[in-house]
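Residue-level structural notes
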Amino acid sequence: LQNKKGHDAIPLRSQLILIFSLVDILSNYWFEFRGEGASQRIRFCSWITEFCMTKKNPKYIGYWKAVSAQRLYELRCSMVHFLGLSQASEGIYFALSPNDYPESKRGEFSRKISKPGNKTIMLKPRHLHELIRQGGMLMLNSWQRMIKQANKGSQEKRE
């Protein structure tokens with residue numbers, strides 16, 4: 001959502017919280033579908049690893065390859081519970097970037113604010129949303145394949 005000037009109508013932190021809520025929903029559905037129980041951390045990290053941080057996801061490019069599922073979970077917890085960006089971990093700081101901020105300037109600004117020994121990722125919520133949306137599509141496509149196999153007689157897929 002953008003206003004008439006083309007700027008984000010929803011604050012960046014709120015966008016991230018909504019995106020992380022979507023991951024929580026999708027990961028919970030995935031574990032329920034598989035009939036497994038696990039902590040929220042395990043569900044989140046497992047789902048992110050399986051559907052987002054994979055070559056099958058066309059949005060798994062650029063700076064995402066430097067970020068682990070665990071690091072994203074730390075960001076999620078910090079954002080959802082404290083409305084803040086998490087401290088540096090795994091050598092990565094996160095900074096929020098407006099969705100309409102030019103890519104050419106984002107990389108340069110990121111390098112300028114990085115501290116020695118750490119990398120700062122200027123995170124656009126739109127980029128995270130695209131990664132998660134594609135992960136959700138991969139999950140739904142895998143369900144569809146399993147359902148088709150079960151309907152064709154695969155007893156393993158029926159259970």
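Just so you know, these numbers come straight off a predicted model, no measurement behind them.

**Some details on the overall build of the protein chain**
In terms of regular secondary structure, the protein chain is built from 6 helices and 2 strands. For the protein chain, the succession of helices and strands along the chain, N to C, is α-α-α-β-α-β-α-α. The principal-axis extents of the C-alpha atoms in the protein chain amount to approximately 60 × 40 × 30 Å. Evaluated residue by residue, the protein chain yields a buried proportion of 40% over its 159 residues. Look at the contacts in the protein chain between residues 6 or more apart in sequence, and 61% of them connect residues 24 or more apart. Summed over its atoms, the accessible surface of the protein chain is roughly 9400 Å², and 55% of this surface lies on carbon and sulfur atoms. The averaged location of the 13 negative side-chain charges in the protein chain is 6 Å from the averaged location of its 26 positive side-chain charges.

**Remarks on the environment of Leu-140**
Counting through the fold element by element, Leu-140 comes out in helix α5 (residues 125-151). We classify Leu-140 as partly exposed; its relative accessible area is 42%. Residues Leu-140 and Trp-30, 110 residues apart in the sequence, show an inter-C-alpha distance of 9.4 Å.

**Considering the packing of helix α2 (residues 40-52) against α5**
In contact at an axis separation of 8 Å, α2 and α5 are set at 85° when each is read in the N-to-C sense. Overall, the two elements α2 and α5 adopt an arrangement that is roughly perpendicular. In this structure, α2 contributes Trp-47, Ile-48, Phe-51 and Cys-52 to the contact, and α5 contributes Leu-131, Ile-132, Gly-135, Gly-136, Leu-138, Met-139 and Ser-142. Classifying every residue of the contact of α2 with α5 by side-chain character gives 8 nonpolar, 3 polar and no charged.

**What about the pairing of strand β2 (residues 119-123)?**
In terms of burial, β2 is a largely internal element, 4 of the 5 residues being buried. As judged from the 5 bridges shared by strand β1 (residues 92-96) and β2, these two strands associate in the parallel manner. Bridging across to β2, Ala-95 finds its partner in Met-122.

**Notes on the environment of Ser-27**
Topologically, Ser-27 is positioned in helix α1 (residues 12-34). Note: C-alpha distance between Ser-27 and Phe-44 (17 residues apart in sequence) is 5.7 Å. In this view, Ser-27 contacts Gln-40, Arg-43, Phe-44 and Trp-47; residues no more than four positions away in its chain are not counted.

**Examining the nonpolar core**
Of all hydrophobic cores here, the largest spans 36 residues; its most connected members are Trp-47, Ile-48, Trp-64, Leu-72, Leu-123, Leu-128 and Ile-132. At 8 residues, α1 tops the list of elements feeding residues into this core. Setting aside residues no more than four positions away along its own chain, Trp-47 makes contact with Val-23, Leu-26, Ser-27, Trp-30, Cys-52, Ile-132, Gly-135, Gly-136 and Met-139.

**Brief notes about the packing of aromatic side chains**
On inspection of all chains with the given rule, the structure shows 8 aromatic pairs. Relative to Phe-44, the ring of Phe-20 has its centre 6.2 Å away and its plane inclined at 50°; by these criteria the two rings are tilted. Here the residue Phe-20 occupies a position in helix α1, and Phe-44 occupies one in helix α2, the gap between them amounting to 24 residues. Exposure remark for Phe-20: the relative accessible area of 1% places this residue in the buried category. With a centroid separation of 5.6 Å and 45° between ring planes, the pair formed by Trp-47 and Phe-51 is classed as tilted. Linking Trp-47 with Phe-51, this pair stays in helix α2, spanning 4 residues, or about one helical turn. The same class applies to Trp-47 as to Phe-51, namely buried. Grouped by ring-pair contacts, the aromatic residues Trp-30, Phe-33, Trp-47, Phe-51 and Trp-143 constitute a single cluster. Sitting above the plane of the Phe-31 ring, Arg-34 keeps its charged end 4.7 Å from the centroid.

Cut-off values and rules
Residues numbered from 1 in each chain as written. Predicted model: local features only at pLDDT ≥ 70, side-chain atom pairs only at ≥ 80, totals over all residues. Heavy atoms only, no water. Helix = DSSP H or I, 4+ residues; strand = E, 2+ residues; numbered from the N terminus. Buried < 20%, exposed > 50% of the residue type's maximum accessible area, 1.4 Å probe, protein only. Contact = heavy atoms within 4.5 Å. Areas by Shrake-Rupley, 256 points an atom, 1.4 Å probe, with all protein chains shown as cover. Lys, Arg positive; Asp, Glu negative; His and termini not counted. Charge placed at Lys NZ, Arg CZ, Asp CG, Glu CD. Axes fitted to C-alpha atoms, helices over the stretch in contact; angles between N-to-C directions. Parallel < 35°, antiparallel > 145°, perpendicular 65-115°, else oblique. Nonpolar A, V, L, I, M, F, W, Y, C, P; charged D, E, K, R; others polar. Pairing = 2+ DSSP bridges. Core = buried A, V, L, I, M, F, W, Y, C linked by side-chain atoms within 4.5 Å. Phe/Tyr/Trp six-rings, centres within 6.5 Å; stacked < 30°, edge-to-face > 60°. Lys NZ or Arg CZ within 6 Å of the ring centre and 35° of its normal.

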